[in-house]
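Each chain is listed here by its residues.
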Amino acid sequence: NAGVTQTPKFRILKIGQSMTLQCTQDMNHNYMYWYRQDPGMGLKLIYYSVGAGITDKGEVPNGYNVSRSTTEDFPLRLELAAPSQTSVYFCASRRGGDEKLFFGSGTQLSVL
Amino acid sequence: DQQVKQNSPSLSVQEGRISILNCDYTNSMFDYFLWYKKYPAEGPTFLISISSIKDKNEDGRFTVFLNKSAKHLSLHIVPSQPGDSAVYFCAASGYRGSSNTGKLIFGQGTTLQVKP
């Protein structure tokens, strides 16, 4: 039972590079989320999706893009990486009617 | 503007004693609250939750208390065990019904250390 799987676990980017953080879940959850966690801070919502083909901005969407072509996958795209995007990124999912989020193990990203 | 605040960055307790973690919120529209536990290099995992229609919820060694008038909730761990050492996040949600998108607002987290 894999749950929410994120890849890669670690990545170092140079300023201006682009990358995609992958997230997939096998629980058939409609709702998926991307959060970032900075040191000493709580988790901030970047983007979320209520189902395939539907996405919306969260609290801190600038510099990111998402897509949701299938129920299982919710990739997060960073274009023109900046040092301010150095953070730990968590993908999460939940089923409708339940507030509990299930999180992946995170991607630690450094932009140098 | 921090809508959910955990004012204690860290807490250290002795094994077997009670751990009390606190959380304050400012938005009176929040009506569902959750606690998550996070170990290093892992994602947060759900611990316990409480709806605003209740003032207490228990699950084994973990109890969450909600004081709506004070906009305050707390997590009690009794007895504390070394394996409880982790970062604890409180989170709040105020979006109910069919349009609920579950956009949880998280506090900054409290690092709990339980000493043997």
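Residues numbered from 1 in each chain as written. Chains lettered and ligands numbered in written order. Predicted model: local features only at pLDDT ≥ 70, side-chain atom pairs only at ≥ 80, totals over all residues. Heavy atoms only, no water.

1. Let's talk about the overall build of chain A
- Across its full length, chain A carries 0 helices and 11 strands.
- Along chain A, from the amino end to the carboxyl end, the secondary structure elements read β-β-β-β-β-β-β-β-β-β-β.
- A compact globule built from 112 residues should have a C-alpha radius of gyration of about 13 Å, and chain A, at 13 Å, falls within 12% of that.
- Projected onto its principal axes, the C-alpha coordinates of chain A cover approximately 40 × 25 × 25 Å.
- In chain A, which comprises 112 residues, the share counted as buried stands at 45%.
- Nonlocal contacts in chain A, meaning residues at least 24 apart in sequence, comprise 54% of its contacts between residues at least 6 apart. (Helix = DSSP H or I, 4+ residues; strand = E, 2+ residues; numbered from the N terminus. Rg over C-alpha atoms; globule rule 2.2 N^0.38 Å. Buried < 20%, exposed > 50% of the residue type's maximum accessible area, 1.4 Å probe, protein only. Contact = heavy atoms within 4.5 Å.)

2. Some details on the state of the cysteines
- Enumeration according to the criterion identifies 2 disulfides over all chains in this entry.
- Sulfur-sulfur distance for the disulfide between C23 of chain A and C91 of chain A comes to 1.9 Å. As the torsion about the S-S bond is roughly -70°, the C23 of chain A-C91 of chain A disulfide counts as left-handed. With C23 of chain A in strand β3 (residues 19-25) and C91 of chain A in strand β9 (residues 87-94), the pair connects residues that are 68 residues apart, well separated along the chain.
- Judged by relative accessible area, which is 0%, C91 of chain A ranks as buried.
- Between the sulfur atoms of C23 of chain B and its disulfide partner C90 of chain B the distance amounts to 1.9 Å. (Disulfide = S-S within 2.5 Å.)

3. Some details on the sheet that holds strand β1 (residues 4-7) of chain A
All names here are of chain A.
- Overall, antiparallel pairing links the 4 strands, which are arranged β1-β3-β8-β7 in an open sheet. In this open sheet, the two strands that pair with only one neighbour each are β1 and β7 (64-66). Between one strand and the next, the sheet's axes are offset by a mean angle of 20°, whatever the strand orientation.
- The sheet contact formed by β1 and β3 spans 4 bridges and is antiparallel. The residue of β3 that forms the bridge with Q6 is C23. (Pairing = 2+ DSSP bridges. Axes fitted to C-alpha atoms, helices over the stretch in contact; angles between N-to-C directions.)

4. Here we look at the nonpolar core
Residue and element names in this part refer to chain B.
- Of all hydrophobic cores here, the largest spans 23 residues; its most connected members are F33, W35, L73, L75 and Y88.
- Listing elements by their share of this core, those giving two or more residues are β3 (19-25), β4 (32-38), β5 (45-51), β7 (62-67), β8 (72-77), β9 (86-93) and β11 (110-115).
- Considering each element in turn, this core owes the most residues, 4 residues, to β9.
- Apart from residues lying up to four places away in sequence, F33 is in contact with Y25, I48, S49, I50, L66, L73, A91 and A92. (Core = buried A, V, L, I, M, F, W, Y, C linked by side-chain atoms within 4.5 Å.)

5. Some thoughts on the sheet that holds strand β6 (residues 56-59) of chain B
- Strand order in the open sheet made by the 5 strands is β1-β3-β8-β7-β6 (chain B), with antiparallel pairing throughout. Two strands bound the open sheet, and with one partner strand each, they are β1 (4-5) and β6 of chain B.

6. Notes on the interface of chain B and chain A
- Each side of the interface is counted separately: chain B has 23 residues, and chain A has 20 residues.
- In total, chain B and chain A occlude about 1700 Å² of area from one another, counting both sides; carbon and sulfur atoms represent 58% of this.
- At the junction of chain B and chain A, the tally comes to 0 salt bridges.
- In this assembly, chain B and chain A are joined by 3 residue pairs in polar contact (both at pLDDT 80 or more).
- Elements supplying a minimum of two residues to the side of chain B that touches chain A: β4 and β9 of chain B. (Buried area = accessible area lost by both parts, 1.4 Å probe. Salt bridge = Lys/Arg side-chain N within 4 Å of Asp/Glu carboxyl O. Polar contact = N/O pair within 3.5 Å; in protein donor to acceptor, adjacent residues only side chain to side chain.)

7. Topic: the environment of D26 of chain A
Residues and elements named next belong to chain A.
- With respect to the element layout, D26 can be found in the loop between β3 and β4 (31-37).
- For the pair D26 and E72, spaced 46 residues apart in sequence, the C-alpha to C-alpha distance is 6.3 Å.
- For D26, the side chain forms a polar contact with the main-chain nitrogen of G3, separated by 3.0 Å.

8. Re the pairing of β3 of chain B
Residues and elements named next belong to chain B.
- A one-sided burial pattern is seen for β3, the buried positions being S19, L21, C23 and Y25 and the unburied ones I20, N22 and D24.
- Relative to β3, β1 runs antiparallel, the two being bridged by 2 bridges. The partner of V4 across the bridge, within β3, is Y25.
- Bridging between β3 and β8 involves 6 bridges; their strand directions are antiparallel. Residue pairing across strands places N22 opposite S74, the latter belonging to β8.

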